[in-house]
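In case you want the letters, here they are:
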Amino acid sequence: MTTALSRDLIFLILQFLDEEKFKETVHILEQESGLFFSMKYFEDLILGGKWEEVEQYLSGFTRVDDNRYSMKIFFEIRKQKYLEALDKLDRAKAVDILTKDLKVFSSFNEDLFKEITQLLTLDNFRENEQLSTYRDAKTARTIMLIELKKLIEANPLFRDKLQFPNIKNSRLRMLINQSLNWQHSLCANPRQNPDIRTLLVDHSCRNSTDPYTQLATSNQHIVSAQKTEGFIPLCANGPFQPAPTPVQTPFSAWVPTPSSMNHPVVSGAGVGFSGPSNPSAVSKGIGDSDSMSKARPCAVPDRIMLPGMSPSQNGLQFNMTEELPKTVARTLNQGSVPTSMDFHPIQQTLLLAGTNIGEISLWEVSSREKLFSRNFQVWNIGASSMTLKATLIKDPSVSVRRVLWSPDGSLFGVAYSKHMVQLYTYFGGNDIRQHLEIDSHIGAVNDLAFCNPSNKLSVITCGDDKTIKVWDVATGIKLYAFEGHEAAVHSVCPHYKENVHFLFSTSVDGKIKAWLYDMMGSRVDYYAPGHSCVTMAYSTDGKRLFSCGTTKEGESHMVEWNENEGTMKRTYQGFHKPSLGIVQFDTTKNRFLAAGDDYSIKFWDMENSIPLMTVDAEGGLPASPRIRFNKQGSLLAVSANDNKIKILATVDGLRLMHTYETHSHITSRHPSDAPVKNGDSKMLEDTKPRSAEEVNPMKAGKLTEISTPGQFRSLKLSAHFGTDKITRLIYTNSGNAILALALNAIHLLWKWPQGDLNLSGKATTKVTPQLIQPASGILMINHRIDGGSPDENVPCFALSKNDSYVMSASGGKISLFNMMTFKTMATFMSPPPVATYLAFHPQDNNIVAIGMEDSTIYVYNVRLDELNSKLKGHSNRITGLAFSHLLNILVSSGADAQIIVWDSSQWERQKGCFLKTLAGRTPTARSDTQIQFQLDQTHLLAVNETQLAIYDMRKLECVKQWAIGEASAPISHATFSCDSQLVYSSFLDGTVRIFGASNLQLQRQINPTAYLPSDVSSTVYPLVVAAHPQEPNQFALGLTDGSVYVFEPLESEDKWDVVPQRVDNGSSSSIPPQVAVLDQPQG
């Protein structure tokens, strides 16, 4: 190891020791290494009069005779020690100090030493004129410390030792974790949930004879899955060796492991390591969302070539092609040449497109309807630069370089060929609002991407001016600017892993650079194959890194990178030579690559360098068509000649579009009319508004009230042992399981198997799930206080983003459970007070907000077992907590009907309000106020026994409210659907009501007779409702009898959101009159 690396290692150890509270050891290492001088520690020693420790600490950095600064430092310290002994009349100690400590200075200044010696003859050394102002030891130490700090800062021996390097938290832990992942990747039979208990020897998963392995395989409820995301996932290694390449700087030397964002832009895992990095955006597990139907499509394009095989060859590889979209299902007439396209990450039939004339359009591809269209226009020409104004006067033509959705689909960005980036807020349907305009670069803005480097959503831009810039999405403030490219920057690829954020950039001269958000320059200069102008992308799960681009000579290169060595692992063949344009590519399903080349779309299996299939989409494609998959890989948008976009589909894609075409689920939300940033708060004037009939087509006579089982699909889940009321309910983030917490503190986990009847492995009413219980027979049971009444407890839990563990409490200590083994990993925070609500920080799973029975909120670091902050403001127990990463806030609700907003960086209160108490409907003393953020991260659903309310959290203003009627039972719970288009609510009389989220208009009512037996007790009703994380029309109920029901609409309908028929008096034709909508904001 080089000296520089040894130095860095010591700093990492110092950081680790400090984080683990080894305070004395930290300072011993500082002194022995001489690398970092802690001025704070030095001050504490001086002010405490610990003179031996002071000199011992100094000895690691300097000696008395090193220079005049060092001599002065030691002299002042020893003189103070001498004066304090005299002041205490301890002449013996003073003489000892004089002869042992101060005599060394006599050879440098004999007169001074004599004067100090004469102080022994005085009854009070203050009789010396120079010491007459000496007051006491404490004051003298403080004055001396000021002088010492100046001497230390001026001493060249302390140069570069007074400032600790800027290192991300827990850096050493992260490096060790990466090393363990590398070791785990070398295991012959890597286990799903490796049990690593030592660092003293290399990790190796035990073989199939290991008792744990036999236990897992013998358990019929354990289903094969991908590697757990609780461990940093590993890099997939292919069977082919790449062609010899020049030795270059390994990727792992640039940056730490990053993490995947969502499908938009170059997303995936880190360079040098790998793994899904943003579990909230990429949650894979058993039957992930990329698993698609294997059925053959009903139509086949006219030109499909399978190189190296004939139709008579084995069917396995042929079936592989059936997972790819090759049937031309829709053709959209864009009107100008498409230059960039992106599917919505949630509503996967919504396509955003930008063109060569600066037009942006939003398409519902299933119905071929253009929901929104707008040509380029500067929103605030007065605020734009003179350079932009001059450019537009000289040449007003502008093209779109990039369109991109934010990871949650609440925003999208547009990069233009002249200076400008514009961000829009998407409220559903055709309701699109201007949000932020940035005059970002001189010349073209070539790419943009969303990231979150400091717990705030940011947008990255790059341009012809050779720079990369990072902007705060909320305010438009420039956070970072990166310079170093020698040519126009072509693309950017942001990433983060754990607490480390970084990004890649590529330029038109073939350079690849990697940057940390520290303004210290790029970490590497690296050339793409053939010095080609490339984009970089990861597989959907973030485990594999690819790049694709074209040289000036027209030679195209698509390669997979060996992330650990920074070399090319595989080069994909089959490109036309020379390519007739810059080739664009995309990845899907963690298995396939696609590129637009030679008037066609070419597909590759990631494991094979030979093209798997070529599709010409019935002809009419340009030489290098632009392409974009939707998130599931079931649809592929392809730019075509004559200003058209073709939508290719798999069988599942055809089914998806048929569903949306039959009954569109898109409804426009109604946000506050308050102006936002520098955008226009009105609906954009170019937008074609749609009537309610267009938004919600309805067949005559369609029922809005469901009273019999035949009118919808339902599935009852139950346990094989006695349980209690289901008080908390949640789907796993992967969507393949449901976790429930009963009042008796027992957790229940049902998981859906993947098979012929359920190819995706997702939760469904078609297949009965398995109640998971390890072979050991243990259950996840929360700690409880002896003698307490269960009915007085307020159970709560929070699931980690990667489904690896759950944090839970039922009136006792908070428990942390391993979701694979059900083992209790830790317990902490003994009551009182009792925890009543739990919420993980969206950017750091180590940070959890804990609502308490005594009305306080604890912000707690689980790993460090440390309380970061304690928030006070409520007057009753906490009943809800919700983070908004966009607004950088934590919102809390309590049984006091109060909503409070806290800054999630400084943990300071910003503002608060009380839910309006409606006339005649006063909540009970135990009424919970539940809260949940909408998908746009700015609107909040607030619920209590008497009302549903939507708040615009930018102003803390109620914009929509629905109240129960006098004859209605109280509300027990409510939640948004995963796309935030619906609100599912349950009531204490067993009724379930489904509302449109845009206006809180009642869409469907499910009566208890539709799902409960006729002889069931009136005490059986739903307490909690949970929405599926990927299927907007599936939800589950937890009932008081310990059962769980899963609900879906009939396959013939596919959607819940049917607008009820209206009669002359304006009321619903089939909904009871006791429900009412208050459309106006309530004060």
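Here the structure is a predicted model, which means the values were calculated and not measured.

Here is what the cut-offs are and how they apply
- Residues numbered from 1 in each chain as written.
- Predicted model: local features only at pLDDT ≥ 70, side-chain atom pairs only at ≥ 80, totals over all residues.
- Heavy atoms only, no water.
- Helix = DSSP H or I, 4+ residues; strand = E, 2+ residues; numbered from the N terminus.
- Buried < 20%, exposed > 50% of the residue type's maximum accessible area, 1.4 Å probe, protein only.
- Contact = heavy atoms within 4.5 Å.
- Areas by Shrake-Rupley, 256 points an atom, 1.4 Å probe, with all protein chains shown as cover.
- UniProt positions renumbered as here; feature names shortened; annotations may be inferred.
- Core = buried A, V, L, I, M, F, W, Y, C linked by side-chain atoms within 4.5 Å.
- Polar contact = N/O pair within 3.5 Å; in protein donor to acceptor, adjacent residues only side chain to side chain.
- Pairing = 2+ DSSP bridges.
- Phe/Tyr/Trp six-rings, centres within 6.5 Å; stacked < 30°, edge-to-face > 60°.
- Lys NZ or Arg CZ within 6 Å of the ring centre and 35° of its normal.
- Axes fitted to C-alpha atoms, helices over the stretch in contact; angles between N-to-C directions.
- Parallel < 35°, antiparallel > 145°, perpendicular 65-115°, else oblique.
- Left-handed = near helix turned anticlockwise from the far one by under 90°.
- Salt bridge = Lys/Arg side-chain N within 4 Å of Asp/Glu carboxyl O.
- Expected span 1.5 Å × (residues − 1).

## Some words on the overall build of the protein chain
Across its full length, the protein chain holds 14 helices and 59 strands. Scored against the burial criterion, the 1083 residues of the protein chain give a buried share of 59%. Considering only residue pairs separated by 6 or more positions, the protein chain has 58% of its internal contacts joining residues 24 or more positions apart. When the accessible surface of the protein chain is summed, it comes to about 43200 Å², and 51% of that surface belongs to carbon and sulfur atoms.

## Thoughts on the UniProt feature "repeat: WD" (unreviewed entry) in the protein chain
Under the UniProt annotation, the feature "repeat: WD" (unreviewed entry) is placed at residues 438-481, 573-614 and 871-903. Across residues 871-903 one finds 0% helix and 61% strand; the C-alpha atoms that close the span lie 11 Å apart.

## Here we look at unusual backbone geometry
Cis geometry marks the peptide bond from K577 to P578, where omega comes out at -10°. Among the structural elements, P578 can be located in the loop between β22 (567-572) and β23 (585-588). At L956, a position not held by glycine, the phi torsion is positive, near 55°. Relative to the assigned elements, L956 resides in the loop between β50 (947-952) and β51 (957-964). The backbone of S980 shows a phi angle near 60°, a positive value even though the residue is not glycine. Of note, S980 is situated in the loop between β52 (971-976) and β53 (982-987).

## Focus on the nonpolar core
With 38 residues, the main nonpolar core has F37, F42, I46, L58, I77 and Y82 as its most contacted residues. Among the elements of the structure, α3 (39-47), α4 (51-58), α5 (68-87), α6 (91-102), α7 (110-118) and α8 (137-154) are those that each provide at least two residues to this core. When residues in this core are grouped by element, the largest group, 9 residues, is from α5. Discounting chain neighbours no more than four positions away, the residues touching F37 are F42, Y57, L58, F61, I152, F158, K161 and L162. Counting residues in hydrophobic clusters, the runner-up holds 22 residues, among them L362, F372, V398 and V400.

## Some thoughts on the side chain of S986
You can see S986 is positioned in strand β53. Within polar-contact distance, the side chain of S986 engages the side chain of S972 at 2.6 Å. If near-sequence neighbours (up to four positions away) are discounted, S986 is found in contact with I971, S972, H973, T991, P1022, L1023, V1024 and L1037.

## Re the environment of V328
Looking at the element boundaries, V328 is found in strand β2 (residues 327-333). Relative accessible area serves as the criterion here: at 17%, V328 is assigned to the buried category. Distance from V328 to L635, taken between C-alpha atoms, is 9.8 Å for residues 307 residues apart in sequence. When near neighbours in sequence (up to four residues on either side) are disregarded, V328 contacts A617, E618, K646, I647 and L648.

## Looking at the sheet that holds strand β32 (residues 726-731)
Read across the open sheet, the 4 strands follow the order β32-β33-β34-β35; overall the sheet is antiparallel. Sheet topology places β32 and β35 (770-771) at the edges, where each strand pairs with a single neighbour. Bridge count between β32 and strand β33 (residues 737-742): 5 bridges; the pairing is antiparallel. Bridging from a neighbouring strand, I726 pairs with A742 of β33.

## A short note on the packing of aromatic side chains
Taken as a whole and judged by the stated rule, the model has 37 aromatic pairs. Look at W962 and F995: their rings are 4.8 Å apart centre to centre, the planes differ by 65°, and that puts the pair in the edge-to-face class. Residue W962 is found in strand β51, and its partner F995 is found in strand β54 (residues 992-996); the two are separated by 33 residues along the sequence. With a relative accessible area of 0%, W962 lands in the buried category. Members of the aromatic cluster, joined through ring pairs, are F712, Y984, Y1011, F1035, Y1045, F1047 and W1056. It is R68 that lies over the ring of Y69; its NZ or CZ is 4.4 Å from the centre. Directly above the ring of F987 sits R993, whose terminal nitrogen or CZ lies 4.4 Å from the centroid.

## Digging into the side chain of N181
You can see N181 is positioned in helix α9 (residues 171-185). Given the relative accessible area of 5%, N181 is considered buried. At 2.8 Å, the side chain of N181 and the backbone oxygen of N177 are in polar contact.

## Points about the packing of α5 against α6
Between α5 and α6, the least distance of the axes is 8 Å, while the angle of their chain directions is 165°. Relative to α6, α5 is oriented roughly antiparallel. For the crossing formed where α5 meets α6, the hand is left-handed. Contact residues: α5 offers F75, R78, K79, K81, Y82, A85 and L86, while α6 offers R91, K93, A94, I97, L98, D101 and L102.

## Quick look at the pattern of salt bridges
Per the counting criterion, the structure on display carries 37 salt bridges. With a shortest N-O distance of 2.7 Å, D431 and R433 are connected by a salt bridge. Both residues of the pair, D431 and R433, belong to the buried class. Among the salt bridges present, the one from R544 reaches E560, with a minimum N-O distance of 2.9 Å. On the criterion of sequence distance, the pair formed by R544 in the loop between β19 (533-538) and β20 (545-550) and E560 in strand β21 (residues 556-562) is long-range, its members being 16 residues apart. The pair R544 / E560 is uniform in exposure class, with both members buried. Here the residues in one salt-bridge network are R544, E560, K569, R570 and E607, joined through shared partners.

## Looking at α8
The end-to-end C-alpha distance of α8 is 26 Å, a good match for the 26 Å that 18 residues give at a rise of 1.5 Å each. Turning to α8, its buried residues are A140, R141, M144, L145, L148, L151 and I152. As for α8, its buried residues are in contact with α3, α4 and α5. Where α8 begins, the side chain of D136 points an oxygen toward the backbone nitrogen of K138, at a separation of 3.1 Å.

## Comments concerning the sheet that holds strand β31 (residues 713-717)
Each strand in a sheet pairs with its neighbour through backbone hydrogen bonds, running either in the same direction (parallel) or in the opposite one (antiparallel). The 4 strands are arranged β31-β58-β57-β56 in an open sheet whose pairing can be described as antiparallel. On the outer flanks of this sheet lie β31 and β56 (1022-1027), each paired with one strand and no other. Each strand axis lies, on average, 20° off the axis of its neighbour in the sheet, ignoring direction. For strand β57 (residues 1035-1039) and strand β58 (residues 1044-1048), the ladder comprises 4 bridges, and the chain directions are antiparallel. Bridge pairing in β58 places F1035 opposite F1047.

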